[in-house]
Amino acid sequence: MVRRAPGLGTEETAEAVRLHEQGLSLRAIARALGVDRRHVTQAVHNGFAAGS
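An account of the accompanying structure is given in this report. Throughout, residues of each chain are indexed from 1 in the direction in which the sequence is written. Reporting in this predicted model follows two pLDDT cut-offs: at least 70 for local features of residues, and 80 or more for side-chain atom pairs to be given and counted; totals over whole chains, interfaces and linings ignore these cut-offs and use all residues. The basis for every side-chain value is the complete set of heavy atoms in the structure, and neither hydrogens nor water enter the calculation.

## Side note on the pattern of salt bridges
Definition in use: Salt-bridge detection follows one rule: a side-chain nitrogen of Lys or Arg within 4 Å of a carboxyl oxygen of Asp or Glu. What counts as a helix is a DSSP run of H or I of at least four residues, what counts as a strand is a run of E of at least two, and both are numbered from the N terminus. We call a residue buried when its accessible area falls under 20% of the maximum for its residue type, exposed when it is over 50%, and partly exposed in between, using a 1.4 Å probe and counting protein chains only.
Tallied over the full model, the rule gives two salt bridges. Here Glu15 makes a salt bridge to Arg18, at a shortest N to O gap of 2.7 Å. With a gap of three residues between them, Glu15 and Arg18 both fall in helix 1 (residues 10-21), about one helical turn apart. With a closest N to O distance of 3.0 Å, Asp36 and Arg38 form a salt bridge. For Arg38, a relative accessible area of 64% gives the class exposed.

## Some words on the nonpolar core
Using the following cut-off: Among the buried residues, those of types Ala, Val, Leu, Ile, Met, Phe, Trp, Tyr and Cys that are joined through side-chain atoms within 4.5 Å form a nonpolar core. The contact definition used throughout considers only heavy atoms, calling two residues in contact when any of these lie within 4.5 Å.
By size, the foremost hydrophobic cluster in this structure holds nine residues: Leu8, Ala16, Leu19, Ile29, Ala30, Val35, Val40, Ala43 and Val44. When residues of this core are traced back to their parent elements, those giving at least two are helix 1, helix 2 (26-33) and helix 3 (37-51). The dominant element in this core, judged by the number of residues it contributes, is helix 3, at three residues. With sequence-adjacent residues up to four places away left out, Ala43 is seen in contact with Leu8, Thr13 and Val17.

Written out as structure tokens, the structure reads:
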């Protein structure tokens, strides 16, 4: 079994932010990406901070 690196990559972060802007919940985004909800929360928060 191959293990992922912790957190989200650049492309996954961009996708999470895009989905959140479309109105998806953090839980739904995590399910769609197959990652932990906490990683999505961090990515969305940091993604918006970087985009501001």
